Amino acid sequence: MKDTMIGAFSDAVLTIFDRDEASVLLTQAFFDNPAHVFLYPNAVTRRARLMWLMKANLGVQFALGRSFAARDHRERVAAMGFWHPPGSPEASPALLARHGLLALPFRHGLETFRCTLKVINMIEARRKACLNGHPSWYLNNMVVRSDCQGRGLGSSILRRELSYVVDTSPFPASLVTQKPQNVTFYEKLGFQVTNDEPIAINGHGFPNWIMVRQRPR
């Protein structure tokens, strides 16, 4: 599938050498995401903290996941995402340490670290419950650069991924999102909401949708 043209964009696979550029793209995309606003309510410091978090997390994504992307005519990343294949192992402490994530409580504070763990555990427990414990292709960090939005790029690359990766396997696809406009986007591609209960901790929280797309029969 590499180098397949998607309109004015070319198909690509990201590598660890794209981590800096991808970190910037993810930081921009998730700056106003309700979950990240909840974890980092101070807008002044949020961008720098998200940049560090995204870069560290991308190291784990590259180790455990399968990337897909599109580049523009200047070879810049225009859209990207990761699949965690069915049966993927969870990130080990050694892997987290290798990419710096165990430094989170020291860099961003112990309370932010504890809250992050609670949020992750709550979301993962619900996602697994929606799948009845069965494995799935788990979609992570699916974003489109802001100046490339509205041109059908996101739906094109994800539709291709679903056709060539997910639908050729016996497993469904799953994802988590916190924005209602994303729910509409994914519904058009066959995903269905399986849980829409907000995430709440100590009386505060954010909206959350878990979506699953069953393999076509």
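The structure contained in this document is the topic of the report that follows. (Residues numbered from 1 in each chain as written. Predicted model: local features only at pLDDT ≥ 70, side-chain atom pairs only at ≥ 80, totals over all residues. Heavy atoms only, no water.)

Topic: the nonpolar core
Stage number 1. Counting residues in each nonpolar core, the largest one holds 34 residues, and the members touching the most others are Leu26, Phe38, Leu58, Met80 and Val119.
Stage number 2. When contributions to this core are tallied by element, the ones reaching two or more residues are α1 (19-30), α2 (34-39), α3 (43-64), β4 (77-84), α6 (110-130) and β8 (199-201).
Stage number 3. At nine residues, α3 tops the list of elements feeding residues into this core.
Stage number 4. Those residues in contact with Leu58 that lie beyond four places of it in its chain are Arg19, Ala22, Ser23, Leu26, Met80 and Phe82.
Stage number 5. Ala79, Trp137, Val183 and Leu189 belong to the second-largest nonpolar core, a separate cluster that totals 25 residues. (Core = buried A, V, L, I, M, F, W, Y, C linked by side-chain atoms within 4.5 Å. Buried < 20%, exposed > 50% of the residue type's maximum accessible area, 1.4 Å probe, protein only. Helix = DSSP H or I, 4+ residues; strand = E, 2+ residues; numbered from the N terminus. Contact = heavy atoms within 4.5 Å.)

So, the environment of Asp11
Stage number 1. Looking at the secondary structure, you find Asp11 in strand β2 (residues 9-12).
Stage number 2. Residue classification places Asp11 among the buried residues on the basis of a relative accessible area of 5%.
Stage number 3. Sequence-wise, Asp11 and Asp72 are 61 residues apart; in three dimensions their C-alpha atoms are separated by 9.3 Å.
Stage number 4. Polar side-chain contacts of Asp11 include one of 3.0 Å to the side chain of Arg160. (Polar contact = N/O pair within 3.5 Å; in protein donor to acceptor, adjacent residues only side chain to side chain.)

Notes on the environment of Arg71
Stage number 1. Among the structural elements, Arg71 can be located in strand β3 (residues 66-71).
Stage number 2. Residues Arg71 and Asp11 lie 60 residues apart in sequence; the distance between their C-alpha atoms is 6.5 Å.
Stage number 3. Residue contacts for Arg71: discarding those within four places in its chain leaves Ala8, Phe9, Ser10, Ala12, Leu14, Asp18, Glu21, Arg76, Val77 and Ala78.
Stage number 4. A polar contact is formed between the side chain of Arg71 and the backbone oxygen of Glu75, at a distance of 3.0 Å.

Concerning the pattern of salt bridges
Stage number 1. Tallied over the full model, the rule gives 14 salt bridges.
Stage number 2. One salt bridge connects Arg71 with Asp18, and the closest N-O pair in it is separated by 3.0 Å. A residue pair is termed long-range when its members are at least 10 positions apart, and Arg71 in strand β3 and Asp18 in the loop between β2 and α1 qualify at 53 residues.
Stage number 3. Of the charged contacts in the structure, one is a salt bridge between Arg127 and Glu124, with a shortest N-O distance of 2.8 Å. Taken as a pair, Arg127 and Glu124 lie in helix α6 at a separation of three residues, close to a single helical turn. We note that Arg127, like Glu124, is buried.
Stage number 4. What emerges from the salt-bridge pattern is a single network uniting Asp11, Arg66, Arg160 and Glu161. (Salt bridge = Lys/Arg side-chain N within 4 Å of Asp/Glu carboxyl O.)

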